[in-house]
Amino acid sequence: MPDSSPAATRPLIPLWLALIGAVVGGAVLDAAFPDIGWWPLAFVGVAFALVGLIGRSAWGAVAVGAVFGASFYFIHISWITRYLGPLPWFGLAGIETVFFAVGSIPIALAYRWLPRLLPGDGARLIALPTLVAGLWTARELFMGSWPYTGFPWGRIGMSQSESPLAHIASWTGVTGLTFLMVFVTAAVIEWLRVGRLRDVRTVMPAVVVALALVAVPAFPTTDAGTYRVGSVQGNGPTGYFDPHEPYDVLRSQLAATQPIIDEPMDLLVWPEGGIDADPLSNASVADTLDRLSQRVDAPLLVNAATQRGEDVYNTSMLWEAGAENPVAIHDKSRPVPMGEYVPDRWFFELIVPDLIGLIQREYTPGTNAPFMDVSGVGVGLAICFDVLYDDVIWAGARDGAQLYVFQTNNADFRDTDENLQQLAFARMRAIETGRAVVNISTVGTSQVIAPDGTELDGLPAAEAGAMITEVPLRTGLTPAVLVGGAVQVVIGWGSVLALVACGVALAIKRRRSRSLPGA
């Protein structure tokens, strides 16, 4: 007999209302992130998206997903317009919107296929939320890795940096946190749709996972003492369009260091771009760093653009007085497309030659480890947007990092949400790895973050300043570091394969139904 669509697969609301809900939902989801930071709104925003996708055709899902994605991304990354105007904003937010829209199709298919294949309440309340959460997370993973290095900004899990749920990231990574949050949201929706509100069993899948999110403590890493770190925010002219003379940035950093120069410390940290000359080829700058290291009686962790052969790198350097410097280097592994280099430059110059022409320097991706051994203490590294990439952070921990130093330059995004959103990434990385983080910026906001995500020390934005902080050291690897990659594979590819299996099984079921006598 012909397959009839059960009520569970029909649209929950009309398309026009779903589109309105998508506009609202995208804005609500953005409000879960800094600077507003009302983290419970992440669940509300996801709910708006999912309700609008229930029962949709492929084109209906694209429409709802496009409206939701545009509402979210055009608000969430509006900081791009600070100096470069609307064109890059439209370009990046536009392509993220397209990916979000296309990635809504599998979720809509899950809502149509799985209840037809497994019509029981158990499947509705457990299997369907699991598949929907997996497909949402798979979309995040794809958008965070492609094209070029991807743009893993706006991940649901990253919205929870100041929430009581953030500690789950130490077990599952940010990917697993996204999955669990979407599961709870989808399970609550199915509980309401099933309609048996007085039957406690129907709400248990959502309740059990929600309780786990709240009740499971952070994975404990092992105390390994403290490390006295000096960090300096020079507030120099480090923006792309800031007027400045040669060495102005270096002078700003030196001046801001003066208040702590006689304080005892184990390491002195400067931010990304804290030196506006290449100390590998500039003898006077190298001599300045030698004398500074000697004066503070501690190694320096500094950053500058360096050139080796024909290649230019964004390089963090460990500098010690009396040594063959630099003692160690780390080059940024993922230079920012359209910011630090232009992929397929010939193509984009045909479209926006004036804008592309502003990007003269082409940084080469680094291949050395994001880790340095500083007098026996392991320091994990991430330069600016490298903090977005899970594998960079996990590699540092696996190599023996006992704390992290994140060096960044936010000067091109002064007075925007970008700085606070990136700071939320840093806070989540501390929780995820069970390590303290020294997040030092050229222009702020800079913070020293404890392994549990709390602020130990900080400097306000747009002010020169310096900190001396007793930073806790930790050893031991969290489950997120150990198995985070496997979690991503299982959730990402597993959900896609599960959806394909649903489609195949449903097609077989329909064929068999048509072949029955009297069909």
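Our subject is the structure that appears above.
In this report, we go over the structure that sits alongside the text.

## Side note on the sheet that holds strand 3 (residues 300–308)
Strands sit in the order 5-4-3-2-1-12 across an open sheet of six strands; the sheet is mixed. Two strands close off the open sheet at either side, each with one partner strand: strand 5 (328–331) and strand 12 (465–475). Direction aside, the axes of adjacent strands within the sheet are offset by 35 degrees on average. Alignment of strand 1 (residues 222–233) against strand 2 (residues 267–269), held across three bridges, turns out to be parallel.

## Topic: the packing of aromatic side chains
Where two aromatic rings form a pair, the distance of their centres and the angle of their planes describe that pair. Taken as a whole and assessed by the stated rule, the structure comprises 19 aromatic pairs. Centroid distance phenylalanine 68 to phenylalanine 100: 5.4 Å. Interplanar angle 10 degrees. Geometry classified as stacked. Highlighted residues: phenylalanine 68 in helix 3 (residues 58–76) and phenylalanine 100 in helix 5 (residues 86–102), separated in sequence by 32 residues. Judged by its relative accessible area of 1%, phenylalanine 68 falls in the buried class. One aromatic cluster is present, built from ring pairs that chain together Trp79, Phe151, Trp153, Phe385, Phe413 and Phe425. Between arginine 139 and the ring centre of tryptophan 136, over which it is positioned, the NZ or CZ distance is 4.5 Å.

## Comments concerning the pairing of strand 6 (residues 371–374)
Across the two faces of strand 6 the burial differs, with Met372 and Val374 buried and Phe371 and Asp373 not buried at all. Two strands pair when backbone bridges link them, and strand 6 and strand 7 (residues 377–383) are joined in this way by four bridges, in the antiparallel orientation. Paired with aspartate 373 across the strands is glycine 378, a residue of strand 7. The loop that links strand 6 with its antiparallel partner strand 7 comprises two residues; one of these, serine 375, has a positive phi angle of about 55 degrees.

## Some points on the packing of helix 6 (residues 104–117) against helix 16 (residues 479–515)
At a minimum axis distance of 9 Å, the contact between helix 6 and helix 16 shows a crossing angle of 45 degrees. In terms of axis orientation, helix 6 runs oblique to helix 16. For the crossing formed where helix 6 meets helix 16, the hand is left-handed. Residues Pro106, Leu109, Ala110, Trp113, Leu114, Arg116 and Leu117 of helix 6 pack against Leu499, Cys502, Gly503, Ala505, Leu506, Lys509 and Arg510 of helix 16.

## What to know about empty space enclosed by the protein
Counted according to the given criterion, the structure contains three cavities of 30 Å³ or more. Put simply, the largest cavity is a space of about 110 Å³. Within the residue set of the lining of the largest cavity, elements represented by two or more residues are helix 3 and helix 7 (121–143). Looking at which element gives the most residues to the lining of the largest cavity, the answer is helix 7, with four residues. Counted by class, the lining of the largest cavity contains ten nonpolar, two polar and three charged residues.

## Quick notes on unusual backbone geometry
Cis peptide bonds are those with omega within 30 degrees of zero, and the linkage from asparagine 325 to proline 326 qualifies with -5 degrees. Topologically, proline 326 is positioned in the loop between strand 4 (311–319) and strand 5. Even without being a glycine, aspartate 344 presents a positive backbone phi close to 50 degrees. Topologically, aspartate 344 is positioned in the loop between strand 5 and helix 12 (345–351). Taking relative accessible area as the criterion, aspartate 344 reaches 41% and is therefore assigned partly exposed.

## What to know about the nonpolar core
Note that soluble globular proteins tend to have their nonpolar side chains buried in a common cluster. Leu50 and Trp136 are the most contacted members of the largest nonpolar core, which totals 84 residues. Examining the composition of this core, we find that eleven residues originate from one element, helix 8 (residues 169–194), more than from any other. Residues contacting leucine 50, with those up to four places away along its chain left out, are Ile107, Tyr111, Val132, Trp136, Val182, Thr185, Ala186 and Ile189.

Here is what the cut-offs are and how they apply
- Residues numbered from 1 in each chain as written.
- Predicted model: local features only at pLDDT ≥ 70, side-chain atom pairs only at ≥ 80, totals over all residues.
- Heavy atoms only, no water.
- Pairing = 2+ DSSP bridges.
- Helix = DSSP H or I, 4+ residues; strand = E, 2+ residues; numbered from the N terminus.
- Axes fitted to C-alpha atoms, helices over the stretch in contact; angles between N-to-C directions.
- Phe/Tyr/Trp six-rings, centres within 6.5 Å; stacked < 30°, edge-to-face > 60°.
- Buried < 20%, exposed > 50% of the residue type's maximum accessible area, 1.4 Å probe, protein only.
- Lys NZ or Arg CZ within 6 Å of the ring centre and 35° of its normal.
- Parallel < 35°, antiparallel > 145°, perpendicular 65-115°, else oblique.
- Left-handed = near helix turned anticlockwise from the far one by under 90°.
- Contact = heavy atoms within 4.5 Å.
- 1 Å grid on protein atoms, 1.4 Å probe; cavity = no way out; pocket = protein on both sides within 12 Å on 5 of 7 lines; lining within 4 Å.
- Points joined across faces, edges and corners; volume = space filled by probe spheres on them.
- Nonpolar A, V, L, I, M, F, W, Y, C, P; charged D, E, K, R; others polar.
- Core = buried A, V, L, I, M, F, W, Y, C linked by side-chain atoms within 4.5 Å.

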